[in-house]
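So you can see what is in the structure, the chains are spelled out below.
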Amino acid sequence: MGTATKQHTETPADALVRMLQQLQPVEVETVPASSAWGRVLAEPVRADRDNPPASVSAMDGYAVRLADLNAPTLPVCGEVAIGHEPLVLPAGHALRIFTGGCIPAGCEAVIRREDVRELGSAIELRVSPQAIRPGDNIRYQGENAKAGQQVLAAGRQIDAAVASALAAFGVSRPRVFRRVRVGLLITGDELLPPERQPQPWQLRDSNGWTLQSMLSTVPWIELIRCMRAVDALPAISSSLDQLLSRCDAVFITGGVSMGDHDYVPAAVRDLGCRVVFRKLPIRPGKPLLGAVGPQGQAVLGLPGNPVSVAVTARRFGVPVLRVLAGFSTAEPPRPVVRLNEEDRDAIKLWWYRPVCLDSDGTARCVPNMGSGDLAATARSDGFVEIAPGQSNFDSLPFWPWSI
Ligand code: AMP
Ligand code: MG
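Quantities reported herein were computed from a predicted structural model and do not represent experimental measurements.

A.B. asks: Would you mind going over the site of ligand 1 with me for this structure?
C.D. replies: Glu190, Asp205, Ser206, Gly255 and Gly304 are the nearest of the 14 residues found near ligand 1. Measuring from an oxygen atom of ligand 1, one finds a backbone N or O atom of Gly255 at 2.9 Å. Within the contact set of ligand 1, an oxygen atom lies 2.8 Å away from a backbone nitrogen or oxygen of Gly304. Alone, ligand 1 offers 480 Å² of accessible surface; in the complex the protein occludes 77% of this. The cavity that encloses ligand 1 is the largest pocket. Here the shell around ligand 1 is composed, by residue class, of five nonpolar, six polar and three charged.

Printed below as a string of structure tokens:
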């Protein structure tokens, strides 16, 4: 089936998947852990030893044998020093122990400190001896992971929880995907850099900053360059060519529609990129173009309206970058929100509506004037997706602006 035919039946999500299937993750590198925060694991992580490596106490308290608990008091014969090899628990005695201390040989349970009366050199139970069960307050060697077991799969981002596992299993130089190199190309004769003073017929380029702010602080992205080009085929082609030679992905803004001065589709084709989709049934951002470059680069042509750029970059661009980055999923588990909105106007397109989140998990639409209304969008937290004709707003997928 040709692309043109598909456009009528395909959902935007399906079109995106078709593009994602044509992309390969970037190469792998080995980096010191201190440079790996936020990067994507390229290899599974295995336990190099049992975790916990020895049986340890889960509480501050007393290490005991169960048979000794029927005596009225139990003498305390010493203390388990943390970070030292296990002791032996003499029969008829208790050893004071702290969280993480190695369980002494012979010990069957740890009694919590709050469950005893401390009498100086002995303890007396505050609870019935029958309430103490074998294994109470003991974390057994290997109960979290056995040596050799896979603990983490490739494709996970090194967040705080993953970093903890890397440290515990001695992965001081993880194998990670290198950063995805991204280039930006902002097109439009009417645009000036934001720091310049425009004439009334000129605009400050806001799309460049939208994309830079969305992408430049992401640890698995390397923003290579943001170029600007006037609305002329040679200018756009030459900038795109330069970016394609250095980048894994190029996002272009403006010039992608059907106007006489929209040269992006021609430039993309002239440089040997394969168009995957052109036009999606979405609002805003309908003229969105997705293509794959000759070396497998992802190319997205984002319609220039500021809201279209923000929405399409977040909704379509980020999954594209995640696949290039080696993530196991194109999107993290996405929150859904209930939209508090009286206006149930249904449209025949997939509709992205900027919303503010309320603290109870509901969202409110930000009243706006359409895809050029960046002032209203600036007050939103992200956007929801409403399917064509959908009037039940109880559970809508939500994308925050930040990645
Ligand atoms: P285009 O997709 O090039 O037809 O642009 C659509 C609309 O978005 C026009 O009104 C442009 O002036 C505006 N626009 C395009 N690029 C930008 C930009 N970088 N910053 C602000 N507005 C833009
Ligand atoms: Mg333009």
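A.B. asks: Would you mind showing me how to read the packing of helix α2 (residues 12-20) against helix α7 (residues 306-325) here?
C.D. replies: Angle between the axes and distance between the axes are the two parameters that describe a pair of packed helices. With their axes 10 Å apart at the nearest point, α2 and α7 run at an angle of 25° to one another. Here α2 is positioned roughly parallel relative to α7, judged by the angle of their axes. α2 and α7 meet at a crossing whose hand is right-handed. Here Pro12, Ala13, Leu16, Met19 and Leu20 of α2 come into contact with α7, specifically with Arg315, Phe316, Pro319, Val320 and Val323. Partitioned by chemical class, the residues of the contact of α2 with α7 number nine nonpolar, no polar and one charged.

A.B. asks: Honestly, the pattern of salt bridges in this entry has me stumped. Any pointers?
C.D. replies: Opposite charge on two side chains lets them pair, provided their charged atoms get close. All told, the structure shown has 18 salt bridges when counted by the stated rule. Arg113 is paired through a salt bridge with Glu118; the nearest N and O atoms lie 2.9 Å apart. What makes Arg113 partly exposed here is its relative accessible area of 42%. The exposure class of Glu118 is partly exposed, given its relative accessible area of 37%. Each of Glu79, Arg96, Arg113 and Glu118 takes part in salt bridges that share partners, so that together they form one network.

A.B. asks: Which parts of the structure should I look at to understand the pairing of strand β13 (residues 180-187)?
C.D. replies: One face of the sheet, then the other: side chains in a regular strand alternate in exactly this way. A large share of β13 lies buried, amounting to seven of its eight residues. Where β13 and strand β16 (residues 221-229) come together, eight bridges link them in parallel fashion. Residue pairing across strands places Ile186 opposite Arg228, the latter belonging to β16. Taken together, the five bridges between β13 and strand β17 (residues 249-253) define a ladder with parallel strand orientation. Counterpart to Ile186 in the pairing with β17 is Thr253.

A.B. asks: Which parts of the structure should I look at to understand the side chain of Arg314?
C.D. replies: Locating Arg314 in the fold gives a position in helix α7. Within the buried core, Arg314 has no salt-bridge partner, and the shortest N-O distance to an opposite charge, that of Glu331, equals 5.1 Å. Among the polar contacts made by the side chain of Arg314, one reaches the main-chain carbonyl oxygen of Pro400 at a distance of 2.6 Å.

A.B. asks: What is the right way to read the layout of surface pockets from this model?
C.D. replies: Empty space among the atoms becomes apparent when a probe as large as a water molecule is rolled across them. Empty space within the largest pocket amounts to approximately 460 Å³. Around the largest pocket, the lining comprises 29 residues; the ones closest to its centre are Glu190, Asn207, Gly304, Asn305 and Pro306. Mapped onto the lining of the largest pocket, the elements with two or more residues apiece are β15 (203-204), β19 (282-283) and α7. Classifying every residue of the lining of the largest pocket gives nine nonpolar, 13 polar and seven charged.

A.B. asks: Quick question: what am I supposed to make of the packing of aromatic side chains here?
C.D. replies: Think of a pair of aromatic rings as described by two things: how far the centres are apart, and how the planes are tilted against each other in angle. Counted according to the given criterion, the structure contains five aromatic pairs. Here the aromatic rings of Trp220 and Phe327 are separated by 5.1 Å at their centres, their planes lie at 75°, and the arrangement is edge-to-face. Here the residue Trp220 occupies a position in the loop between α4 (207-215) and β16, and Phe327 occupies one in the loop between α7 and β22 (336-340), the gap between them amounting to 107 residues. The exposure class assigned to Trp220 is buried, which follows from its relative accessible area of 4%.

A.B. asks: Can you walk me through the nonpolar core in this structure?
C.D. replies: In a soluble, globular protein the nonpolar side chains are often hidden away together inside. Membership of the largest hydrophobic core comes to 46 residues, with the highest contact counts inside it found for Leu23, Trp220 and Leu321. Secondary structure elements with two or more residues in this core: α2, β13, α4, β17, β18 (274-278), β21 (298-302) and α7. No other element matches α7, which puts twelve residues into this core. In this view, Leu23 contacts Val292, Gly296, Ala298, Val320, Val323 and Leu324; residues no more than four positions away in its chain are not counted. Ranked by size, the runner-up nonpolar core spans 19 residues in total, among them Leu185, Leu240, Cys247 and Val264.

A.B. asks: I would appreciate a short explanation of empty space enclosed by the protein in the present structure.
C.D. replies: For the structure on display, the rule yields two cavities of 30 Å³ or more. By volume, the largest cavity is sized at about 60 Å³. Looking at the largest cavity, the residues that line it are Asp68, Leu69, Ala71, Pro72, Thr73, Leu74, Ile123, Glu124 and Leu125. Take the lining of the largest cavity: its biggest share by element is three residues, from strand β9 (residues 122-125).

A.B. asks: Looking at this structure, how should I read unusual backbone geometry?
C.D. replies: When glycine is set aside, most residues are seen to have a negative phi, and most peptide bonds are trans. Look at the link from Asn51 to Pro52: it is a cis peptide, with omega at -5°. Relative to the elements of secondary structure, Pro52 occurs in the loop between β2 (45-46) and β3 (56-57). In the segment running from Arg283 into Pro284, the intervening peptide bond is cis, with an omega of -5°. Within the secondary structure, Pro284 is located in the loop between β19 and β20 (289-292). Within the chain, Asn137 stands out as a residue other than glycine whose phi angle is a positive 60°. By secondary structure assignment, the location of Asn137 is in the loop between β9 and β10 (138-139). For Lys279, which is not a glycine, the phi torsion comes out positive at approximately 80°. With respect to the helices, strands and loops of the structure, Lys279 is situated in the loop between β18 and β19.

Conventions used here
- Throughout this description, residue numbers start from 1 for each chain and increase along the sequence as written.
- Chains and ligands are labelled by the order in which they are written, letters from A for the one and numbers from 1 for the other.
- Since the coordinates come from a predicted model, pLDDT governs what is reported: local features require at least 70, and pairs of side-chain atoms require 80 or more to be given and counted, while whole-chain, interface and lining totals use all residues.
- Side-chain figures throughout are based on the complete set of non-hydrogen atoms in the structure, without hydrogens or water.
- For each residue, the test is whether any non-hydrogen atom lies within 4 Å of the molecule or strand; if one does, the residue is near.
- Polar contact is the term for a pair of N or O atoms within 3.5 Å; when the atoms are in protein, one must be able to donate a hydrogen and the other to accept it, and sequence-neighboring residues count only if both atoms are side-chain atoms.
- Computed with the Shrake-Rupley method and a 1.4 Å probe, the accessible areas treat only the protein chains shown as cover for residues.
- The method works on a 1 Å grid over the protein atoms by themselves. A cavity is a set of points holding a 1.4 Å probe that cannot get out, a pocket is an open set with protein on both sides within 12 Å along at least five of seven lines, and residues with an atom within 4 Å of a point line them.
- Each molecule is assigned to a cavity or pocket provided more than half of its atoms lie within 2 Å of the corresponding grid points.
- Throughout this entry, Asp, Glu, Lys and Arg are counted as charged residues, while Ala, Val, Leu, Ile, Met, Phe, Trp, Tyr, Cys and Pro are counted as nonpolar. The remaining residues, Gly among them, count as polar.
- Only the stretch in contact is used when fitting a helix axis, every axis being a line fitted to C-alpha atoms; angles between N-to-C directions are given from 0 to 180 degrees.
- The numbering of helices and of strands both runs from the N terminus, where a helix is a DSSP run of H or I of at least 4 residues and a strand a run of E of at least 2.
- Should an angle fall under 35 degrees it is taken as roughly parallel, and over 145 as roughly antiparallel, whereas 65 to 115 is taken as roughly perpendicular and any remaining angle as oblique.
- For a crossing to be left-handed, the near helix must be turned anticlockwise from the far one by less than a right angle; the clockwise case is right-handed.
- The criterion used for residue contact is that any of the two residues' heavy atoms lie within 4.5 Å.
- Each reported salt bridge corresponds to a side-chain nitrogen of Lys or Arg within 4 Å of a carboxyl oxygen of Asp or Glu.
- Summary of the burial criterion: residues with accessible area below 20% of their type's maximum are buried, those above 50% are exposed, and those between are partly exposed, where the area comes from a 1.4 Å probe applied to protein chains only.
- We call two strands paired when DSSP finds no fewer than two bridges between them.
- In this charge count, Lys and Arg are treated as positive and Asp and Glu as negative; neither His nor the chain ends contribute.
- Grid points are joined across faces, edges and corners, and a volume is the space filled by probe spheres set on the points.
- A pair of aromatic rings is counted whenever rings of Phe, Tyr or Trp (Trp by its six-membered ring) have centres within 6.5 Å, and the orientation is called stacked for planes under 30 degrees apart, edge-to-face for over 60 and tilted otherwise.
- Side-chain atoms within 4.5 Å link the members of a nonpolar core, which is a set of buried Ala, Val, Leu, Ile, Met, Phe, Trp, Tyr and Cys residues.

These figures come from the coordinates and say nothing about function on their own.
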